[in-house]
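Structural overview
Residue strings, one per chain:
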Amino acid sequence: MSGKLVRPAAIFLSVGVAGAAVPNLFGSPLVLTLLTQGVINAILATGVGFLVRQNGLVSFGHAGFFGLGAYIVALCANGRVMPVELALFIAILAPALLALLLGVAMIRLSGVAFSMLTLAVAQAFFELVLRWRSLANGDDGIAAQLPQRILGLDLSTFQQPGSMFVVCWIVLMAVLLGLALLVNSHFGMLTLAIRENEERARFIGYQTILPRAAIYAISAAIAALAGVLFTLYNGFVTPDVLYWSLSGEALVMAIIGGTRAVWGPALGALIFFLFKNAAGDLTEHWPAIIGGTLIVVTVMLPRGVSGTVMMLMERLGVRTA
Amino acid sequence: MLIQLLNGLVYGGLLYVLSVGLVLIFGLRRVVNFAHGSLYMVGAYVGYSVSMLAGFWAGLVVSVLVLTVAGALLDRFVFRPLQDEDPIVTMLVTFGLLLVLEDLVRSIWGRDFLAMQPPPLLSGVVQLAGTSFPVYRLAVIAAAILVAAGLSFWLRMSRVGLFVRASSVDPLTTGMQGVDTERLSMMVVAIGAGLAGLSGTISAPLVALSPSMGGSILIDSFVVVVTGGLGSFTGAFVAAMLIGQVHNLGVVFVPGAASMIPLVLMAMVLIWRPSGLVKAGV
């Protein structure tokens, strides 16, 4: 047992440490800013990919949970009704609870209907933020007045790209570790069994709705966590964080990386980041680029990079976890 | 009160014309066209531009024609090559298309809001129960009723309509009976897209045109399709009328949170009847 875990643990540790050293390699603040944003998006993509992996369901609306997390932090910080740490906690918990409730209602539907509703829910929150001006200041967005110390750290730790990159990187590693443990647990196996054949899982006596709704809630919580980091880093939120192009971006990353491995979407985010840098001057047409990439990778690369790598390794006779 | 009811009917009618296209496409291709709201938006813009040059009616006709052709192309180059894939793949591709179309329209027509005038024949108001009500809105209700009547007549009475219904239930058996289901699908997707164009153009004089106009109506049409029972024509009609009314009441009474009301209604319907209001059938 312990021998089997040595290699993944070693890979995990070396990637983790290597990533944390990145700020020392790149002096340019611009690159670091983009990288930090990239890691935040990688966390979002990890949430989207986890839902596909465990439930076989595709969410077109994870920007909804990301944006809710981001807005809750900003609104609570400006309202000054609670300590900011509590606000961070609520900003992750509330979207997760919402997803749990929605999940119980929506998960019985077919995959097609589920996907439609994920998009509808996220877009409804986008409209809400846009129209309810007295709450969220519509199109102009809101600046979050964050306190000087958060979780015992200086606010600047979260707003300087160099240090925030390390914070986000640690969070990403923690999320990946947590998910890796989760998918190998009894609960992880059960949800995979339900994904493969819901009826049989039910016949051998398992409740099948709640476990899947719980997976949806966990994946929403990860998206909300990314949203929380977004507000801490930028100190500013606009309705764009709820818009469907962000959901599309997360989907592109998850598909490029592949969802067979828990770490696939994060790898996809890295590849997408390099691609984004290369696209540079075209950022004006960003939504079209995301859409076009989505079409191309969906058709050309259905397994994603991680799936292809794992398939090749299996063919070569290497055991993968 | 009567006026509010009529306004609800106007929105419900537009929603029906858009949603029934989704239902038609779902019936034949088993996929949901995520770009349907974008087709609606493109329809509105094409209608706007042509009507500037040649008047409202020309805009309406050209827009429906352009979108019908676009629908046929969509079927030929997206739905048909991907028909053996998981439906999710096709949905992802149409979602990608949605992002591309929105950006394309923004590049061609700009981000500013545009406004379109109703045709002279239908401008003006009528007196109803002591208040005035625009003639154009009544015409929209009439158009939706015509589409509903025409579609159900076509589906129930004509030979092609029979094939469409048969193919929605079992495409394989229908194909074995000698029906060319590929041609049928192409026609149906073209009609569905044409209806999106129709819905977009007739709504153009009622709303401000913007590249994101497809977004809010797409939510409501998804809610209509799921609430009505995925794949059901009658269900789509009933649900569209219902959502049209609650949406309108939402806009009047809770303008900030109006987008949430149809979702709440849908959640209630789904808890009560998980398969939707009307079970899809022949």
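Our subject is the structure listed above.
Below or above, wherever it landed, is the structure these notes cover. (Residues numbered from 1 in each chain as written. Chains lettered and ligands numbered in written order. Predicted model: local features only at pLDDT ≥ 70, side-chain atom pairs only at ≥ 80, totals over all residues.)

Some thoughts on the overall build of chain A
Threshold: Runs of H or I in DSSP of at least four residues are treated as helices and runs of E of at least two as strands, each being numbered from the N terminus. The atom set for the radius of gyration is the C-alpha atoms, and the globule formula is 2.2 Å times the number of residues raised to the power 0.38. Two residues qualify as being in contact provided that their C-beta atoms, derived from the backbone, are within 7 Å of each other.
Across its full length, chain A carries 16 helices and four strands. Over its C-alpha trace chain A gives a radius of gyration of 19 Å, about what one expects of a compact globule, namely 20 Å for 321 residues. Its C-alpha atoms put chain A at 50 × 45 × 40 Å along the principal axes. A fraction of 78% describes how many contacts in chain A between residues 6 or more apart in sequence connect residues 24 or more apart.

A closer look at the overall build of chain B
The cut-off we apply is this: Any residue whose C-beta has 12 or fewer other C-beta atoms within 10 Å is treated as exposed, any with 20 or more as buried, and any in between as partly exposed, C-beta atoms being built from the backbone.
On a plain count of helices and strands, chain B comes out with 11 helices and two strands. When the elements of chain B are put in sequence order from the N terminus, they spell out α-α-α-α-β-β-α-α-α-α-α-α-α. Scaling as 2.2 N^0.38, a compact globule of 282 residues should have a C-alpha radius of gyration of about 19 Å, and chain B matches this with 18 Å. Seen along its three principal axes, the alpha-carbon backbone of chain B occupies a region of about 60 × 45 × 35 Å. Here chain B holds 282 residues, and 54% of them are scored as buried. A fraction of 76% describes how many contacts in chain B between residues 6 or more apart in sequence connect residues 24 or more apart.

Overview of helix 12 (residues 209-234) of chain A
Residue and element names in this part refer to chain A. Convention followed: Any helix carries an expected span of 1.5 Å times its number of residues minus one.
Here helix 12 is 26 residues long and its end C-alpha atoms lie 37 Å apart, about the 38 Å a rise of 1.5 Å per residue gives. Buried residues dominate helix 12, accounting for 23 of its 26 residues. Once helix 12 ends, the next one or two residues include G235, with phi positive near 65 degrees.

Notes on the interface of chain A and chain B
Threshold: Only Asp, Glu, Lys and Arg are considered charged in this grouping, and only Ala, Val, Leu, Ile, Met, Phe, Trp, Tyr, Cys and Pro are considered nonpolar; every other residue, Gly among them, is considered polar.
Across the boundary between the two partners, chain A contributes 35 residues, which contact 36 residues of chain B. Secondary structure elements with two or more residues in the side of chain A that touches chain B: helix 6 (111-131), helix 13 (244-257) and helix 15 (286-300) of chain A. Residue contributions to the side of chain A that touches chain B peak at 14 residues, all from helix 6 of chain A. Taken together, the residues of the side of chain A that touches chain B break down into 22 nonpolar, 10 polar and three charged.

A look at unusual backbone geometry
The phi angle at N137(A) is positive, at roughly 60 degrees, despite the residue not being glycine. Mapped onto the elements, N137(A) comes out in the loop between helix 7 (133-136) and strand 1 (142-143). With 17 C-beta atoms counted inside 10 Å, the residue N137(A) sits in the partly exposed group. For R30(B), which is not glycine, the phi torsion reads 60 degrees and is therefore positive. On the secondary structure map, R30(B) appears in the loop between helix 1 (2-29) and helix 2 (36-54). For R30(B), a count of 17 C-beta atoms within 10 Å corresponds to the partly exposed category.

Considering the pairing of strand 2 (residues 131-134) of chain B
As a reminder, the rule being used: Strands qualify as paired when DSSP identifies two bridges or more between them.
With four bridges joining them, strand 1 (residues 125-128) of chain B and strand 2 of chain B adopt antiparallel strand pairing. Residue pairing across strands places V125(B) opposite P134(B), the latter belonging to strand 2 of chain B.

Structural notes on helix 4 (residues 62-79) of chain A
All names here are of chain A. If you check helix 4, its first and last C-alpha atoms are 26 Å apart, about what 18 residues at 1.5 Å a residue would give, namely 26 Å. In terms of residue burial, helix 4 counts as a mostly covered element, since 14 of its 18 residues are buried. One or two residues past the end of helix 4 sits R80, with phi positive at roughly 50 degrees.

Points about the packing of helix 9 (residues 213-228) of chain B against helix 10 (residues 233-253) of chain B
Residues and elements named next belong to chain B. Our working rule: The axes are straight lines fitted to the C-alpha atoms, using for helices just the contacting stretch, and the angles between their N-to-C directions are given from 0 to 180°. Any angle between 65 and 115 degrees counts as roughly perpendicular, while under 35 counts as roughly parallel, over 145 as roughly antiparallel, and the rest as oblique. Working rule for handedness: look at the near helix, and if it is turned counterclockwise from the far one by less than a right angle, call the crossing left-handed; if clockwise, right-handed.
It is at 8 Å that the axes of helix 9 and helix 10 come closest, and there the two elements cross at 130 degrees. The angle between helix 9 and helix 10 falls in the class oblique. Between helix 9 and helix 10 lies a crossing of right-handed hand. Packed against helix 9, whose contacting residues are D220, V223, V224, V225, T227 and G228, the element helix 10 presents G235, A236, V238, A239, A240, I243 and H247 at the interface.

Here's the deal with the environment of L229(A)
All names here are of chain A. One can find L229 in helix 12. Residue L229 is classed as buried on the basis of its 27 C-beta neighbours within 10 Å. When the C-alpha positions of L229 and Q159 are compared, they lie 9.9 Å apart, and in sequence the two are 70 residues distant. Not counting chain neighbours up to four residues away, the residues in contact with L229 comprise I40, C168 and V171.

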